[in-house]
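Each chain, letter by letter, is given below.
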Amino acid sequence: MGGGYFISRAYRAIQNRVLHIDLPIATGLVAAYLGSLVGWWTGYAQLIYFDFVATFIFLMLGGRWVQEYALEKNRSQLQRQQVGPSKVSVIGGAQDGQRIAAQEVTEGLCYSIEPGEINPVAADPMDATGLLSLEWINGEAEPVVWPQERIAPAGSINVSLYPLRYRARESWADSLLAKLLERPANTFQDQRLQTILKWYIGSILVIATLGSSTWWFTTGSALQSLQVLISILIVSCPCALGVALPLCDELATTRLRKAGLFIKSAEIWARIAQIKTIVFDKTGTLTMEIPRLENPAAISELDPASVLALHQLVRNNLHPVARSLREALLAKQAKVLIHTNSAQTIQESIGQGVSWTDAGGNEWSLGKPAWKAQGPAVSGQAVLRQNGLRIAAFDFSDDVRDDARSAFDAFHQQDLNTVILSGDTHERVAQIAQQIGLPAENYRAQCTPNDKAEWIKQHAPQQALMIGDGANDSLAFDQAICRGTPVVDRSILQASADFFFFGRSLRCLPELFKTAQLRRQTNTLIFVVTVLYNLSAISISLAGHMHPLLAAILMPLSSIATLAMAWARMHRTSNL
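Presented here is a report on the structure given in the accompanying data block. (Residues numbered from 1 in each chain as written. Predicted model: local features only at pLDDT ≥ 70, side-chain atom pairs only at ≥ 80, totals over all residues. Heavy atoms only, no water.)

Comments concerning the nonpolar core
Alright, step 1. Counting 46 residues, the largest nonpolar core has Leu-261, Ile-275, Ile-278, Phe-411, Phe-499 and Leu-509 as the members making the most contacts within it.
Alright, step 2. For Ile-278, the residues in contact, after removing those within four places along its chain, are Phe-411, Leu-416, Asn-417, Thr-418, Val-419, Leu-465, Ile-467 and Phe-513.
Alright, step 3. Membership of the second largest hydrophobic core comes to 34 residues, among which are Leu-23, Ala-26, Leu-29 and Met-546. (Core = buried A, V, L, I, M, F, W, Y, C linked by side-chain atoms within 4.5 Å. Buried < 20%, exposed > 50% of the residue type's maximum accessible area, 1.4 Å probe, protein only. Contact = heavy atoms within 4.5 Å.)

Here we look at the pattern of salt bridges
Alright, step 1. Throughout the structure, instances matching the rule amount to 18 salt bridges.
Alright, step 2. When the shortest N-O distance is used, the salt bridge between Arg-169 and Asp-124 registers 3.0 Å. Of this pair, Arg-169 sits in the loop between β8 (164-168) and α5 (176-181) while Asp-124 sits in strand β4 (residues 123-125), and the two are 45 residues apart along the sequence.
Alright, step 3. The partly exposed category is assigned to Arg-169, whose relative accessible area is 42%.
Alright, step 4. A salt bridge links Arg-504 to Asp-399; its shortest N-O distance comes to 2.9 Å. Highlighted residues: Arg-504 in the loop between β22 (499-501) and α19 (508-542) and Asp-399 in the loop between β17 (396-397) and α15 (404-413), separated in sequence by 105 residues.
Alright, step 5. Under the relative-accessibility criterion, Asp-399 is labelled buried at 5%. (Salt bridge = Lys/Arg side-chain N within 4 Å of Asp/Glu carboxyl O. Helix = DSSP H or I, 4+ residues; strand = E, 2+ residues; numbered from the N terminus.)

What to know about the environment of Val-121
Alright, step 1. Relative to the helices and strands, Val-121 resides in the loop between β3 (110-113) and β4.
Alright, step 2. On the basis of relative accessible area, Val-121 is assigned to the buried category, the value being 0%.
Alright, step 3. Taking the C-alpha atoms as reference points, Val-121 and Val-105, separated by 16 residues in sequence, lie 8.0 Å from one another.

Considerations on the packing of aromatic side chains
Alright, step 1. Under the counting rule described, the total for this entry stands at seven aromatic pairs.
Alright, step 2. Aromatic pair Tyr-111 and Tyr-166: ring centres 5.9 Å apart, planes at 35°, arrangement tilted. Taken together, the residues Tyr-111 in strand β3 and Tyr-166 in strand β8 connect sequence positions 55 residues apart.
Alright, step 3. Judged by relative accessible area, which is 0%, Tyr-111 ranks as buried.
Alright, step 4. Ring centres 6.3 Å apart and planes at 35° place the aromatic pair Phe-280 and Phe-411 in the tilted group. Here Phe-280, found in strand β10 (residues 277-280), pairs with Phe-411, found in helix α15; they are 131 residues apart in sequence, far enough to count as distant. The pair Phe-280 / Phe-411 is uniform in exposure class, with both members buried.
Alright, step 5. One aromatic cluster is present, built from ring pairs that chain together Phe-280, Phe-408, Phe-411 and Phe-513.
Alright, step 6. The ring of Trp-146 carries Arg-150 above its face, with NZ or CZ at 3.9 Å from the centroid. (Phe/Tyr/Trp six-rings, centres within 6.5 Å; stacked < 30°, edge-to-face > 60°. Lys NZ or Arg CZ within 6 Å of the ring centre and 35° of its normal.)

Let's talk about the sheet that holds strand β14 (residues 363-367)
Alright, step 1. Here we have five strands laid out as an open sheet, ordered β12-β13-β14-β15-β16, and antiparallel in their pairing. Edge positions in the sheet fall to β12 (347-349) and β16 (389-394), since each has one partner strand and no second. Each adjacent strand pair in this sheet contributes to an overall mean axis angle of 20°, direction not counted.
Alright, step 2. As paired elements, β12 and strand β13 (residues 353-357) share three bridges and run antiparallel to each other. Considered in β13, the bridge of Glu-348 is made with Val-354. (Pairing = 2+ DSSP bridges. Axes fitted to C-alpha atoms, helices over the stretch in contact; angles between N-to-C directions.)

Structural notes on α19
Alright, step 1. With 35 residues, α19 ought to run about 51 Å at 1.5 Å a step, and its terminal C-alpha atoms sit 49 Å apart, in line with that.
Alright, step 2. Downstream of α19 by one or two residues, Gly-544 has phi in the positive range, about 80°. (Expected span 1.5 Å × (residues − 1).)

Describing unusual backbone geometry
The phi torsion of most residues other than glycine is negative, and most of the peptide bonds are trans.
Alright, step 1. Positive phi, normally seen in glycine, also occurs at Lys-372, with a value near 60°.
Alright, step 2. Here Lys-372 lies in the loop between β14 and β15 (382-386).
Alright, step 3. Residue Lys-372 is classed as partly exposed on the basis of its relative accessible area, which comes to 32%.
Alright, step 4. In this model, Gln-462 sits at a positive phi of 55°, which is unusual for a non-glycine residue.
Alright, step 5. Here Gln-462 shows up in the loop between α17 (449-459) and β20 (464-467).

Put into structure tokens, the structure is as follows:
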């Protein structure tokens with residue numbers, strides 16, 4: 001019963017003309033069980049391998065469970081399991097006020113999207129102005145003031161304080177976003193593993209057939225020749241590999257989890273071996289989604305009334321500047337914010353800023369330097385004012401992820417080419433490239449989604465690792481052999497990513513390649529030991545001395561020995 005797991009998987013692989021590691025396992029199980037039935041029926045004890053079959057299935061299923069458990073544990077760490085745009089609220093008609101899935105949007109439908117949500121289709125705005133982020137489309141983080149007469153593209157994000165209304169110009173099926181979210185079929189095959197399995201299985205079958213035939217011709221005993229045939233098929237099963245390799249995978253994924261990286265696909269190890277180029281998106285990948293506050297002292301110097309007012313203005317505001325200020329407030333003025341009341345009505349002036357009037361009638365504003373100003377102009381990208389008077393000015397810059405420079409240095413030491421393909425402006429991309437020590441020929445700005453995909457297709461076919469976070473990276477994901485993404489609130493690349501990483505640092509990416517190399521070296525050692533074991537066991541079988549009891553002893557011992565090797569190499573060096 002337990003062997004059906006391996007037999008069915010091997011059968012499906014053969015149907016697809018693919019050799020799988022489960023094929024020699026299934027072959028050994030079937031041979032041992034059928035031989036045991038013949039031995040029981042004829043009374044020939046040397047063919048009875050029932051105990052071997054039971055123990056073998058237990059160990060193989062145990063090893064496979066460890067492997068699947070490791071992957072499932074990583075998947076459970078993800079913040080969200082559903083990707084793509086969320087539901088929209090219908091305006092008018094029989095469904096007025098109802099929330100429907102983006103897939104149900106049809107041409108001509110009037111709907112609204114809440115702050116922070118994604119517009120699923122190209123649509124005509126029904127509001128005079130709105131504030132949209134095009135980060136998913138062109139990689140630019142700076143929100144754009146969107147007039148009513150301009151078509152809102154699919155994939156734009158509402159970063160206004162209030163819902164925005166639209167009239168759909170197309171159905172979801174015709175939307176560019178729907179096409180970007182479509183995932184191509186996974187056609188990846190590990191050619192190296194295919195070659196090894198082909199020669200391994202072919203060699204075993206030839207040796208088993210020749211050995212069995214020789215015994216038949218020399219002894220005339222069909223049962224003795226059958227015993228030699230079955231014993232070779234049994235002892236040559238990759239028992240040790242079936243339990244030791246999953247343990248290596250678990251120890252490798254544990255090592256990476258400590259660094260903040262989570263493996264989703266078991267194919268990643270074979271994919272990594274083919275990587276020669278690492279391609280980065282900029283916004284949200286090399287840099288954080290929100291800018292870095294350059295003068296945090298301005299927050300520390302605010303009086304309590306100003307702190308509370310600023311918090312009211314930014315607490316529910318999705319603008320990147322507001323989100324940056326909110327983080328700074330929580331870090332530096334947490335004690336004051338304990339006394340914050342619930343947010344009052346905030347007035348938004350699209351493209352200028354936000355304002356709020358406190359209980360004493362004072363108007364507080366946060367926005368562009370000249371907005372609501374009384375007195376001379378001041379510097380700063382955002383200015384907090386009380387009744388038009390300047391209270392504080394704030395400056396921001398792109399927030400490059402921690403350890404980015406050291407990560408790129410490590411890639412260079414590992415002979416990996418690194419490239420930035422960004423939809424952002426040339427000036428911003430050049431600034432980031434300079435900070436991480438990347439030469440001008442290794443980055444491109446103002447790239448469309450097609451530009452990114454075409455670059456990978458032309459310069460790194462079947463060799464690229466793509467690191468991205470938005471819809472504008474989706475086509476590049478399709479062209480890359482391996483894909484990774486930081487887990488963010490609105491990531492749509494989870495379905496096709498091979499791994500995810502959390503936090504501000506990029507140190508987990510060099511660690512991925514170091515761990516892959518360590519795993520590869522450990523697997524090679526285990527494979528060499530397994531081959532030596534098989535040669536010894538096959539020699540005993542060809543000599544006619546393999547007994548079911550001996551096979552039942554050797555198989556667990558070889559598995560324990562390879563498990564000890566995997567543990568000694570991977571566990572000893574898995575502590576970061």
